[in-house]
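Listed here are the chains, written in short residue letters.
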Amino acid sequence: MIERFGHGGDLDTAAAEFGVAPDSILDFSANINPLGPPEGLMERLRQELHSVIHYPDPDHRELRKLLAQRTELEPSSICIGNGAAECMALAVLGLAPRNVGIVTPCFSEYMQLARQFGANVVAAQGGEENGFRAGTAELCNLLERTDLVFIGQPNNPTGLQYDMSTLETVLERAEETDTYIVLDEAFIDFIPPERQATMLPRLPKYPHLIVIRSLTKFYAIPGLRLGFAAAHPETIGRMKRKQVTWSVNRLALAAGECCLAAGETYERMTRERTAEERAFLIETLERDFGCRTWPSEANFILVRLPAPWTAERMQAELGRIGVLIRNCSMYEGLTAADIRIAVKDRKANERLIEAMKEVWPGGMRQ
Ligand SMILES: Cc1ncc(COP(=O)(O)O)c(C=O)c1O
């Protein structure tokens, strides 16, 4: 199975399975900004290379200061991690929940981390009619039975957000039930600011809230690893005490400073292109192939293939011609026909459509 480690973007496994070179694969299984990193980032990394003879700052002071300015929080409310993934691990380690709640389908790491660090997993099933989101009552019910709940905002693999009023109800109830809420906002930067249902500015109001952000997707540096968590300073303290010293390396810290200075044009262009290309893919997949899609706000799309196609077969057929998609059949609550594709640039997106036509000429609607 290509997703043997639970994720997309595993080029080595795909290359071995499909008999192609890893760097020849057009990867739609990881959701990375097709514009690439901001201008100047590679140059900054080249300049920074000489400094790898020194240890990184174990307290990440400069980057925390910059993030504090940007988020209008205190540096003591911020913890930098080796990707959003490390921040999630630190939340589980630092808060030591006995029962962790999730709403399926969701990012597999929530369950994986809970199990890895000895917690039970309590799952609620998101309703298909509601874009696989749980209702407010179901979420509140989940809080009663758990010490920490992960919520994808927007959720992966659906790309849908909860609205602010649902989140506020849940966060207020979480204060009463003494349940931590980890809002995973790893993909929220792809949404235009006026549509982002983010709780970051309301953080001081909710001592049980932890917001996690990633820099790897929006700024296209998944190989460097960088993310951060924002929460009450006491929660951040508990998380940081579990962090391996120097887990965030010097190059990643320098890259972070550079990404935060990327500027409005890069951010706006990324969001505009994502929206345009997502609309192009959704329209083409529905019109030409009869696929069903969900109205994602992120840079990926959950797609249901029509019968007799299965995700496994589509992945294998495309893989053999060098295009990698994410098989979503193993997500709790999804079906054998479900795939997820990243939103890339027009050239790559056209190649995906062309590749699908090659392997599926009968799928073309007249
Ligand atoms: C929903 C979600 N959150 C977090 C992550 C991890 O992000 P990072 O690369 O910053 O560790 C991923 C990676 O795919 C993801 O899909």
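Residues numbered from 1 in each chain as written. Predicted model: local features only at pLDDT ≥ 70, side-chain atom pairs only at ≥ 80, totals over all residues. Heavy atoms only, no water.

Turning next to the packing of aromatic side chains. Each aromatic ring pair is described using two quantities: the centre-to-centre distance and the angle formed by the ring planes. For the structure shown, the criterion picks out 12 aromatic pairs. Centre to centre, the rings of Tyr 219 and Tyr 266 are 6.0 Å apart; their planes meet at 10 degrees, and the pair counts as stacked. On the criterion of sequence distance, the pair formed by Tyr 219 in the loop between β7 (209-214) and β8 (227-231) and Tyr 266 in helix α10 (residues 264-289) is long-range, its members being 47 residues apart. We classify Tyr 219 as buried; its relative accessible area is 3%. Members of the aromatic cluster, connected to one another through ring pairs, are Phe 187, Phe 190, Phe 218, Tyr 219, Tyr 266 and Phe 300. Across the ring face of Phe 300, the terminal group of Arg 340 is positioned such that the distance to the ring centre comes to 5.8 Å. Above the face of the Phe 28 ring, Lys 344 is positioned so that its terminal group lies 5.5 Å from the ring centre. (Phe/Tyr/Trp six-rings, centres within 6.5 Å; stacked < 30°, edge-to-face > 60°. Helix = DSSP H or I, 4+ residues; strand = E, 2+ residues; numbered from the N terminus. Buried < 20%, exposed > 50% of the residue type's maximum accessible area, 1.4 Å probe, protein only. Lys NZ or Arg CZ within 6 Å of the ring centre and 35° of its normal.)

All right, on to the nonpolar core then. Counting 28 residues, the largest nonpolar core has Ile 80, Leu 215, Ile 221 and Leu 226 as its most contacted members. Only α2 (41-48), α3 (61-71), β2 (78-81) and α9 (250-260) provide two or more residues apiece to this core. Among the elements that take part in this core, α9 stands out by supplying seven residues, more than any other. In this structure Ile 221 touches Leu 41, Leu 215, Thr 216, Leu 226, Ala 255 and Cys 259, once residues within four positions along its chain are discounted. (Core = buried A, V, L, I, M, F, W, Y, C linked by side-chain atoms within 4.5 Å. Contact = heavy atoms within 4.5 Å.)

A few words now on the layout of surface pockets. Space left empty within the atom packing is revealed by a probe, the size of a water molecule, rolled over the atoms. Taken as a whole, the largest pocket spans an internal volume of roughly 620 Å³. Around the largest pocket, the lining comprises 32 residues; the ones closest to its centre are His 7, Gly 8, Phe 107, Lys 217 and Arg 225. For the lining of the largest pocket, the leading source of residues is helix α4 (residues 83-95), giving four residues. Classifying every residue of the lining of the largest pocket by side-chain character gives 12 nonpolar, 14 polar and six charged. Of the voids in this model, the second largest pocket is the one considered here, and its volume is about 410 Å³. Surrounding the second largest pocket, 21 residues form its lining, Arg 70, Asp 189, Gln 196, Leu 200 and Arg 213 being those nearest its centre. Breaking the lining of the second largest pocket down by element, the ones donating at least two residues are α3, β7 and α10. Residue contributions to the lining of the second largest pocket peak at three residues, all from α3. For the lining of the second largest pocket, the class distribution of residues is 11 nonpolar, four polar and six charged. (1 Å grid on protein atoms, 1.4 Å probe; cavity = no way out; pocket = protein on both sides within 12 Å on 5 of 7 lines; lining within 4 Å. Points joined across faces, edges and corners; volume = space filled by probe spheres on them. Nonpolar A, V, L, I, M, F, W, Y, C, P; charged D, E, K, R; others polar.)

A few words now on the site of the ligand. Contacts to the ligand come from 14 residues, most closely from Ala 84, Asn 156, Asp 184, Ser 214 and Arg 225. Interatomic distance of 2.9 Å between a backbone N/O atom of Ala 85 and an oxygen atom of the ligand. Between the ligand and the protein, one listed contact pairs an oxygen atom with a side-chain N or O atom of Lys 217 at 3.0 Å. Here the ligand has 400 Å² of accessible area as a free molecule, and 89% of this is covered by the chains. According to the grid-proximity analysis, the pocket containing the ligand is the largest pocket. Looking at the shell around the ligand element by element, the count peaks at four residues for α4. Counted by class, the shell around the ligand contains seven nonpolar, four polar and three charged residues. (Near = heavy atom within 4 Å. Polar contact = N/O pair within 3.5 Å; in protein donor to acceptor, adjacent residues only side chain to side chain. Areas by Shrake-Rupley, 256 points an atom, 1.4 Å probe, with all protein chains shown as cover. Sits in = over half its atoms within 2 Å of the grid points.)

What follows concerns helix α7 (residues 164-177). Its 14 residues give α7 an end-to-end C-alpha distance of 20 Å, which sits within 8% of 20 Å, the value for a rise of 1.5 Å per residue. The complete set of buried residues in α7 reads Thr 166, Leu 167, Val 170, Leu 171, Ala 174 and Thr 177. All buried residues of α7 fall inside an arc of 125 degrees around its axis, so they share one side. On its buried face, α7 is in contact with α6 (136-144), β6 (180-184) and β7. One or two steps after α7, the chain reaches Asp 178, where phi turns positive at roughly 60 degrees. (Expected span 1.5 Å × (residues − 1). Arc of directions from axis to C-beta.)

Relative to the helices and strands, Asn 299 is located in the loop between β9 (292-293) and β10 (300-304). Here the side chain of Asn 299 touches Asn 31 through a polar contact of 3.1 Å, landing on its backbone oxygen. Not counting residues up to four positions away in its chain, the partners in contact with Asn 299 are Asn 31, Ile 32, Asn 33, Phe 187, Phe 190, Thr 274, Ala 342 and Val 343.

Quick look at the sheet that holds β9 now. Across the sheet, which stays open at both edges, the four strands sit in the order β9-β10-β13-β12 with antiparallel pairing between neighbours. Either end of the sheet is taken by a strand with one partner, and the two such strands are β9 and β12 (326-327). Where β12 meets strand β13 (residues 338-342), two bridges bridge the pair, whose relative direction is antiparallel. Across the sheet, Arg 326 pairs through a bridge with Arg 340, a residue of β13. (Pairing = 2+ DSSP bridges.)

At a closest axis distance of 10 Å, the pairing of α10 and helix α12 (residues 346-359) adopts a crossing angle of 15 degrees. Classified by the angle between their axes, α10 and α12 sit roughly parallel to one another. Here α10 runs over α12; the crossing is right-handed. Here Glu 276, Glu 277, Phe 280, Leu 281, Thr 284, Leu 285, Asp 288 and Phe 289 of α10 come into contact with α12, specifically with Arg 346, Asn 349, Glu 350, Leu 352, Ile 353, Met 356 and Lys 357. A class-by-class count of the residues in the contact of α10 with α12 yields seven nonpolar, two polar and six charged. (Axes fitted to C-alpha atoms, helices over the stretch in contact; angles between N-to-C directions. Parallel < 35°, antiparallel > 145°, perpendicular 65-115°, else oblique. Left-handed = near helix turned anticlockwise from the far one by under 90°.)

None of the figures reported here should be taken as evidence of function without further support.
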